Amino acid sequence: MKFSVLLSGIMLFCCCGWLYFTRALPVSSNGYKIPKKIAAKNALTPEQELGRKLFFDANLSNPTGQSCASCHAPTKGFADPQNRAVSAGAVPELFGNRNALTVAYSAFTPPLYFDSAEAHYVGGFFWDGRANTLAEQAAGPLLNHVEMNANAELVTQRIQEADYRSLFEQVYGAQTLTDQEKTLHSLGKAIAAFETTSAFQPFTSKFDYFRQNKATFTEEELLGMKLFNDPKKGNCAACHPSEPDARTGKILFTDFTYDNIGLPANPDIKRHVNGPQQPDLGLGAIVKNEEENGKFKVPTLRNVALTAPYFHNGIIKTLEESVQFYNQRNSGKFGKPEITQNVNNEELGDLKLTDQEVKAIVAFMHTLTDGYQPE
């Protein structure tokens, strides 16, 4: 894959202008505003430009040195730039207990809700759905002591001292910086506005061009796509649909649902946690329902080749190993599930894929990397 193309594409966005979502947004049945179309503009809106500055500002953490991009790098599909299972926090020796989930394509995520027809939860931000809006997600890491370790007073002070203070006041009003809570709320809104630009959801993978008849798949990629979609083989599309979503009209490779796929605990995380490591309950802890324990949100597979390691605790190191986990989990070779209840035994665990078929699925998933340039 042409990974260098992704970097040059991001640089081109910064130098030559951006695309952004229009404000004309239809409303879904649960009240979520859905991005409908992307319109070309020569520059970011003031709010989006402010969000860009905030996203890359390493002076907002405590101590300074960590920005949103420290764990969500453009060159890594907006995931951890060092491919760590869990990212280091601003405070030395402090780490989180989850893998940095990509924020690419997150603008399409609905708020967390219970789908009564399907009897499962859908949407929400972070691995466990604890935030309902992109703005809430954007501001969350700032206040987390194992991430950016800041507080409202510190963030307000740093913005008041920043070279973009006048832009902040232009967008939200000078009085906003006199209220710490309003400052935090506005910061989240600005970063969310930046995260709705096409830099975060360009739809420029080989798969996208293949769909437009502008690129040709190899035989291995074609086989991988067939296996990916086949409910009797890989069955990946059951949770990572490869057809347009009815709600957004986009192919997002996630249905935003939650599953306990039977992952074992990651022993590498234990050494970063003060005191005994507790089982990660995921969605169950958020909705206060034991029946949802161990379930985590289905992530998008777009740019998945860039975002290793995989799953909520980063225990799986390579893309091929992740497919083999789905293929051979029930063999016991990967260890005991951290949460033994609610494990999905219907759609994965013993897929009986050959090594050749696993490699083909991996080859197909490599076609989901943005920045591809058709011949």
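Let me sum up the structure you'll find in this document.

Quick notes on the rules
The residue numbering used here restarts from 1 in each chain and proceeds along that chain's sequence as written. Restriction of local features to residues with pLDDT of at least 70 applies here, the model being predicted, together with a cutoff of 80 or more for giving and counting side-chain atom pairs; totals for whole chains, interfaces and linings are based on all residues. Hydrogen atoms and water are omitted, and side-chain values are computed over all heavy atoms in the structure. Helix and strand definitions follow DSSP, with helices as H or I runs of at least four residues and strands as E runs of at least two, each counted in order from the N terminus. We call two residues contacting when some pair of their heavy atoms lies within 4.5 Å. Put simply, a salt bridge is a Lys or Arg side-chain nitrogen that is within 4 Å of an Asp or Glu carboxyl oxygen. Between buried and exposed lies partly exposed: a residue is buried under 20% and exposed over 50% of the maximum accessible area for its type, with that area taken using a 1.4 Å probe on protein chains only. Stacked, tilted and edge-to-face are the three classes applied to pairs of Phe, Tyr and Trp rings, where Trp contributes its six-membered ring and a pair requires centres within 6.5 Å; stacked means planes under 30 degrees apart, edge-to-face means over 60, and tilted covers the rest. Whether a charge sits over a ring comes down to the Lys NZ or Arg CZ being within 6 Å of the ring centre and within 35 degrees of the ring normal.

### Regarding the side chain of S67
Point 1. When you line up the elements, S67 lands in the loop between α2 (46-55) and β3 (113-115).
Point 2. Beyond its immediate stretch of four places on either side in the chain, S67 contacts F55, F56, D57, A58 and M148.

### Focus: the pattern of salt bridges
Point 1. A complete count under the given rule lists 15 salt bridges for this structure.
Point 2. E292 is paired through a salt bridge with K295; the nearest N and O atoms lie 3.2 Å apart. Across the pair, exposure class does not vary: E292 and K295 are buried alike.
Point 3. Sharing partners across several salt bridges, the network here consists of R98, D128, R130 and D280.

### A closer look at the packing of aromatic side chains
Point 1. A complete count under the given rule lists 23 aromatic pairs for this structure.
Point 2. The interplanar angle of 65° and the centroid separation of 6.2 Å between the aromatic rings of F56 and F194 together place this pair among those described as edge-to-face. Here F56 is found in the loop between α2 and β3, whereas its partner F194 is found in helix α6 (residues 180-194), with 138 residues between them in sequence.
Point 3. Accessibility expressed as a relative area gives 39% for F56, which makes it partly exposed.
Point 4. An aromatic cluster is built from F207, F210, F217, F228, F253 and F364, whose rings are joined through pairwise contacts.
Point 5. Over the ring of F126 we find R130, and its NZ or CZ is 3.8 Å from the ring centre.
Point 6. When the ring centre of F203 is taken as origin, the NZ or CZ atom of K250, which lies over that ring, is 5.3 Å away.

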